[in-house]
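An overview of the molecular structure
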Amino acid sequence: MKRKFTLMLALLLGFYTMSNALTLKFNSNGEFKIVQFTDVHYQINNPHAAIALKCIDEVLTKEHPDLIVLTGDVIYSSPADKTLRVVLDKISSYNIPFVYLFGNHDLQFGMTNEELYDIARSVKNNIMPDRKGGLSPDYTLRIKSHKGNRDAAVLYCMDSHSMAQDSTIGGYAWLTHDQIDWYRMQNAQFTALNGGKPMPALAFFHIPLIEYRMAATIEDATLYGTRMEPACPPTINTGMFSAMRLGGDVMGIFCGHDHDNDYSVMYKNILLAYGRFSGGNTEYNHLSNGARIIVLKEGKRSFDTYIRLRKGDVIDRTTYPDSYVKDDWQKRPVEQ
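All of the points below concern the structure found in this document. Quantities reported herein were computed from a predicted structural model and do not represent experimental measurements.

**Considering the overall build of the chain**
Assigned secondary structure in the chain consists of seven helices and 14 strands. A compact globule built from 336 residues would reach a C-alpha radius of gyration of about 20 Å, and the chain, at 19 Å, matches this within 12%. Dimensions of the chain, computed from the C-alpha atoms along their principal axes, are close to 60 × 60 × 50 Å. By residue count, 56% of the 336 residues in the chain fall in the buried class.

Next comes the structure, spelled out in structure tokens:
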């Protein structure tokens, strides 16, 4: 009985947390475009930070997305509120819905994640749900069909936290068992709403899963992009990847955190992808800044993704799953 009550409560909370996102919908061409900015590391009064705002301007001017997702480490100076508002006001000026997920550095400048969350919600065009007393809630965003009469896709937006609370383990924090349970309940809800078939989904958070490191070291994996540093996940694997793989809805996971990586690689039918470092020379980086673009396809378990550089070039354009699956060379047509 207790389990049934918990499930019902979770479903009700799930419906509530999606209420702010009902305006998200596929366009008449059956596409929905997301721009992912990550690791902006903005600092007040640092001339090296200005290029991060230019990156936002140039990417959004060229891409015109339906949603902007900031996957953490947005601020890198005190006062935290002023620093955050500079970046979010720039984002907001484009009148595009946006959400802000936390990285491991955001809470290091005098304000808690709860305070930063509430500031972000106060900015025009932000569609994060009310915390309702929670610390930093995970939430879902529903994307409606182009006709607006049904849910056609879902985005999982999650807090990957900061540093491990257990000093004997150390390293970065991990997604908790409570978060895995939350995902499973949301997955069950959306699958039921979709007639028992997993709904096309993506997941966004800051710190990569351990599976990022595993996938990138498989010698025959199809990998696009740049890998100039080892993935820096938590040292504890709590099982979020396996939950999403068995849930059957998540097609791709998108994170930030490792500034010299922007690669995408398939692992057990889920695309593991980094965003592109979007900041300036306020933290280590050896890639020119830019953003990752994701274009969902209505009614299909497929999406396009590529990197848009600040100076306008597009690189590493791929399609999930086709670009990551090797064809049967024996079945290719005869070349003329």
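Further notes follow.
**Some points on the nonpolar core**
In terms of nonpolar packing, the biggest core is built from 66 residues, with Ile34, Phe37, Leu202 and Leu296 touching the most fellow members. Counting residues per element, this core draws most heavily on helix 2 (residues 50-63), which supplies six residues. In this structure Ile34 touches Pro65, Leu67, Val69, Leu155, Leu202, Phe204, Arg292, Ile293, Ile294 and Leu296, once residues within four positions along its chain are discounted. Within the second largest apolar cluster, 30 residues are counted, among which are Phe190, Met199, Ala201 and Ala231.

**Some thoughts on the packing of helix 2 against helix 3 (residues 80-92)**
Helix 3 packs onto helix 2 with a crossing angle of 15° between their chain directions and a minimal axis gap of 10 Å. The angle between the axes of helix 2 and helix 3 places the two elements in the roughly parallel class. Handedness of the helix 2/helix 3 crossing: right-handed. Only Val86, Val87, Lys90 and Ile91 of helix 3 make contact with helix 2, whose side of the interface consists of Leu53, Ile56 and Asp57.

**A look at the packing of aromatic side chains**
For the structure on display, the rule yields twelve aromatic pairs. With a centroid separation of 5.0 Å and 65° between ring planes, the pair formed by Tyr156 and Tyr183 is classed as edge-to-face. Of the two residues, Tyr156 sits in strand 5 (residues 151-157) while Tyr183 sits in helix 5 (residues 177-193), which places them 27 residues apart along the sequence. Of the two residues, Tyr156 and Tyr183, both sit in the buried class. On the numbers, 5.2 Å between centres and 80° between planes, the contact of Tyr224 with Tyr324 is edge-to-face. Of this pair, Tyr224 sits in strand 7 (residues 223-224) while Tyr324 sits in the segment after strand 14 (314-320), and the two are 100 residues apart along the sequence. These aromatic residues form a ring-pair network of at least three members: Phe204, Phe254, Phe303 and Tyr320.

The rules behind these values
Residues numbered from 1 in each chain as written. Predicted model: local features only at pLDDT ≥ 70, side-chain atom pairs only at ≥ 80, totals over all residues. Heavy atoms only, no water. Helix = DSSP H or I, 4+ residues; strand = E, 2+ residues; numbered from the N terminus. Rg over C-alpha atoms; globule rule 2.2 N^0.38 Å. Buried < 20%, exposed > 50% of the residue type's maximum accessible area, 1.4 Å probe, protein only. Core = buried A, V, L, I, M, F, W, Y, C linked by side-chain atoms within 4.5 Å. Contact = heavy atoms within 4.5 Å. Axes fitted to C-alpha atoms, helices over the stretch in contact; angles between N-to-C directions. Parallel < 35°, antiparallel > 145°, perpendicular 65-115°, else oblique. Left-handed = near helix turned anticlockwise from the far one by under 90°. Phe/Tyr/Trp six-rings, centres within 6.5 Å; stacked < 30°, edge-to-face > 60°.

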